Amino acid sequence: MKHFPIFLALDGRRVVLSGGGPAALAKLRLLLKTEARLTVIAPDPDPQIREWAAEGRLRLVERGTEPGDALCAALFYAANDDDAEDARVAALARRDGATVNMVDNLDGSDFITPAIVDRDPVTVAIGTEGAAPVLARAIKRDLEERLPPVLGPLARIGKAFRQMAEALPMGRARRDFWAEYYATAGPRAHAAGGEAAVRATLDTLLAGHLQARAAPGHVAFVGAGPGDPDLLTMKARKALDAADVVVFDRLVTPQILELARREAEMIDVGKEGFGRHTPQAKINALIVDRAARGHQVVRLKSGDPTVFGRLDEEIEAVTAAGLGWSIVPGITAASASVAAIGQSLTRRGRNGSVRILTGHDMKGFADHDWAALARPGEVAAIYMGKRAARYIQGRLMMHGADPMTPVTVVENASRPDERTLATTLSRLEPSLGDAGFDGPALVLLGLAPRTGVIRNSYGTPTEHPALQEAL
Ligand code: SAH
């Protein structure tokens, strides 16, 4: 960064510009927006400059620039449309101690004037160190479209309201208030009723935020479903809409996180390295801390929060802190996985019960009633079963399971990258290893995909050949 951007206080300060032609006019149009005391020195100034002088907006000295003209000036502009003259007056001004800009001469300038997006009091300055004025103009256009002219009045009215907003505690509460004002409430009010409506809205908005703070904190344990945002419940959507804080796991997809209220604090407790290993006690402490501060906390868990989600530990922590909580159920991975293969979890005459198992528990590979699971017609949905597949396979075979028992593994159920592996118990490994699944996967014991074409929740058809053909 060769040029350091700053915003210079110019009110009441002396700014001198040498020149009276097109370059001078362009610079003056910008400078006239400031509150500087402007002096223009030009032997033959443009009529427009004379007019500005007559209106008292600047002081005009009709002669060539001389030593001493830039004394006490904060800034000096050499804008004569003449390189030699600009060099001469720039040297004079420097001798007077002024900071100098030479129009269209980057190397000869002490400072440069950026491209400006003016939404006074909001000002955006864009500089490219002279490398690409075209780019600066393109960015300016882009920003002008993005920053509606209403931003200026909004900021001015907001500024006058700052003291009132101090009724909200400093930090997040106040930031949320302002974020809502600038993003939605302010522009909406302005469109409906102009500046008067904006002022009224600030009062209502503040009352609302103060009241919301008085409401006690709450933790909603919300099921995010298997990944497809369309598989969220309406209740989950509403909870996300109202959330102050969203604490989410690794398996919750970005498309779902997008749906959270824009001002919500998003906390990832599932990041590899940190989150995956975020100790449960830390997560408990985090949700209790936010709810105790009066926030509406959404603890977002993949699938259904009541299935392998360590829900009870979190509820106990929240209860112990004397805080309120509720559960919003979601679609569990088992439901999405059987849907993907067109099968039922239970079927008359085949299985009147279904087991939900984990391949892994705190101690390693989980132990189960293998003898019962090995019986014909048993159906089990095995969560976290990928790495335990060989172990499960060995246990079941040892307990006399039919080696031809169908087993289907569904990876990324309900997501665009959903894949299935249809195999049998005896071939589960190495088939699963060969498939190289690296997303979340569910092992369905005792189920094969229904033969034919099945559409997933995105409507993408998948062809499932008869199991025998697949083998
Ligand atoms: N509460 C979640 C389960 C969390 S345990 C639920 O109800 O679905 C995490 C395990 O869930 C993963 O190891 C995987 O076995 C399974 N899982 C989660 N999302 C899945 C998906 N989209 N497709 C397949 N399995 C998934």
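For the structure, check the block above.
Residues numbered from 1 in each chain as written. Predicted model: local features only at pLDDT ≥ 70, side-chain atom pairs only at ≥ 80, totals over all residues. Heavy atoms only, no water.

1. Regarding the overall build of the protein chain
Assigned secondary structure in the protein chain consists of 15 helices and 21 strands. Rg of the C-alpha trace for the protein chain: 34 Å, well past the compact-globule value of 23 Å for 471 residues, more than 25% over. In terms of overall dimensions, the protein chain has a C-alpha envelope of 110 × 50 × 40 Å along the principal axes. Carbon and sulfur atoms provide 54% of the accessible area of the protein chain, an area that totals close to 24,400 Å². (Helix = DSSP H or I, 4+ residues; strand = E, 2+ residues; numbered from the N terminus. Rg over C-alpha atoms; globule rule 2.2 N^0.38 Å. Areas by Shrake-Rupley, 256 points an atom, 1.4 Å probe, with all protein chains shown as cover.)

2. Focus: the sheet that holds strand β5 (residues 99-102)
Taken together, 5 strands build an open sheet; the order of strands is β3-β2-β1-β4-β5 and the sheet is parallel. Of all the strands in the sheet, the pair left with one neighbour each is β3 (59-61) and β5. Averaged over all pairs of adjacent strands, the angle between strand axes in this sheet comes to 20°, irrespective of strand direction. Sheet analysis places strand β1 (residues 14-18) next to strand β4 (residues 73-78), joined by 5 bridges and oriented parallel. Of the residues in β4, the one forming a bridge with Leu17 is Tyr77. Where helix α1 (residues 22-31) meets the sheet, it contacts β1, β2 (37-41), β4 and β5, and its direction lies at approximately 165° from that of β1. (Pairing = 2+ DSSP bridges. Axes fitted to C-alpha atoms, helices over the stretch in contact; angles between N-to-C directions. Contact = heavy atoms within 4.5 Å.)

3. With respect to the packing of helix α13 (residues 389-398) against helix α14 (residues 428-435)
For any two helices packed against each other, the geometry is given by the interaxial angle and the distance between the axes. Here α13 crosses α14 at 165°, and the two axes come no closer than 9 Å. The angle between the axes of α13 and α14 places the two elements in the roughly antiparallel class. At the point where α13 passes α14, the crossing takes the right-handed sense. Across the interface between the two elements, Ala389, Arg390 and Gln393 from α13 touch Leu428, Glu429 and Leu432 from α14. When the residues that make up the contact of α13 with α14 are grouped by side-chain class, the tally is 3 nonpolar, 1 polar and 2 charged. (Parallel < 35°, antiparallel > 145°, perpendicular 65-115°, else oblique. Left-handed = near helix turned anticlockwise from the far one by under 90°. Nonpolar A, V, L, I, M, F, W, Y, C, P; charged D, E, K, R; others polar.)

4. Some points on the site of the ligand
Near the ligand lie 18 residues; those nearest to it are Asp304, Val307, Thr332, Ala413 and Ala441. Ser302 places a polar main-chain atom, nitrogen or oxygen, 2.8 Å from a nitrogen atom of the ligand. Contact distances for the ligand include 2.7 Å between a nitrogen atom and a backbone N or O atom of Val307. About the coverage of the ligand: the protein hides 92% of its 540 Å² of free accessible area. (Near = heavy atom within 4 Å. Polar contact = N/O pair within 3.5 Å; in protein donor to acceptor, adjacent residues only side chain to side chain.)

5. Some thoughts on a nonpolar patch on the surface
Together, Met1, Phe4, Ile6 and Leu8 line one region of the surface with nonpolar side chains, adding up to about 540 Å² of accessible area. Among the structural elements, Leu8 can be located in the segment before β1. (Patch = residues over 30% accessible without salt bridge, like charges linked within 9 Å, V, L, I, M, F, W, Y side chains within 5 Å. Salt bridge = Lys/Arg side-chain N within 4 Å of Asp/Glu carboxyl O.)

6. Considering the packing of helix α9 (residues 280-292) against helix α10 (residues 311-320)
Orientation of α9 relative to α10, taken along the N-to-C sense of each, is 40°, at an axis distance of 9 Å. Viewed along their axes, α9 and α10 adopt a mutual orientation that is oblique. Note on packing geometry: the crossing formed by α9 with α10 is right-handed. Along its contact with α9, which presents Gln280, Ile283, Asn284, Ile287 and Val288, the element α10 presents Glu313, Glu314, Ala317 and Val318. For the contact of α9 with α10, the class distribution of residues is 5 nonpolar, 2 polar and 2 charged.

7. Some words on the pattern of salt bridges
In this structure the tally under the stated criterion is 20 salt bridges. Among the salt bridges present, the one from Arg63 reaches Glu66, with a minimum N-O distance of 3.8 Å. The class for Arg63 is partly exposed, based on a relative accessible area of 27%. A salt bridge links Glu85 to Arg88; its shortest N-O distance comes to 3.0 Å. Residue Glu85 and its partner Arg88 are located together in helix α3 (residues 83-95), separated by 3 residues, close to a single helical turn. Owing to a relative accessible area of 36%, Arg88 belongs among the partly exposed residues under this scheme. Among the charged side chains, a salt-bridge network with shared partners connects Asp249, Arg299, Lys301 and Glu314. (Buried < 20%, exposed > 50% of the residue type's maximum accessible area, 1.4 Å probe, protein only.)

8. So, unusual backbone geometry
Omega for the bond connecting Asp120 with Pro121 falls within 30 degrees of zero, at 10°, which places this linkage in the cis form. With respect to the element layout, Pro121 can be found in the loop between β6 (115-119) and β7 (122-126). Cis geometry marks the peptide bond from Glu429 to Pro430; its omega dihedral reads 15°. Of note, Cys72 is a non-glycine position whose phi angle comes to about 65°, a positive value.

9. Quick look at the sheet that holds strand β8 (residues 218-223)
Ordered by their spatial adjacency, 5 strands build an open sheet running β10-β9-β11-β8-β12, and the pairing between neighbours is parallel. Because the sheet does not close on itself, it has two edges, and the strands there are β10 (265-268) and β12 (324-328). Strand-to-strand twist in this sheet, taken as the mean axis angle between neighbours without regard to direction, amounts to 20°. Here strand β9 (residues 245-248) pairs with β10 via 4 bridges, running parallel. Across the sheet, Phe248 pairs through a bridge with Asp268, a residue of β10. Across the face of the sheet, α9 comes into contact with β8, β9, β10 and β11 (296-301) while running at roughly 150° to β11.

10. Focus: the environment of Thr405
Along the polypeptide, Thr405 turns up in the loop between α13 and β17 (406-411). Along the backbone, Thr405 and Pro216 are 189 residues apart, and their C-alpha atoms lie at a distance of 53 Å. When sequence neighbours within four positions are dropped, the list of residues in contact with Thr405 reads Thr423, Thr424, Leu425, Leu445 and Gly446. Polar contacts involving the side chain of Thr405 include one to the main-chain carbonyl oxygen of Asp402, which spans 2.5 Å.

11. Some remarks on the environment of Val307
Locating Val307 in the fold gives a position in the loop between β11 and α10. Spatially, the C-alpha atoms of Val307 and Ala339 are 18 Å apart, while their sequence positions differ by 32 residues. The contacts of Val307, once residues within four sequence positions are left out, are Thr332, Ile356 and Tyr383.

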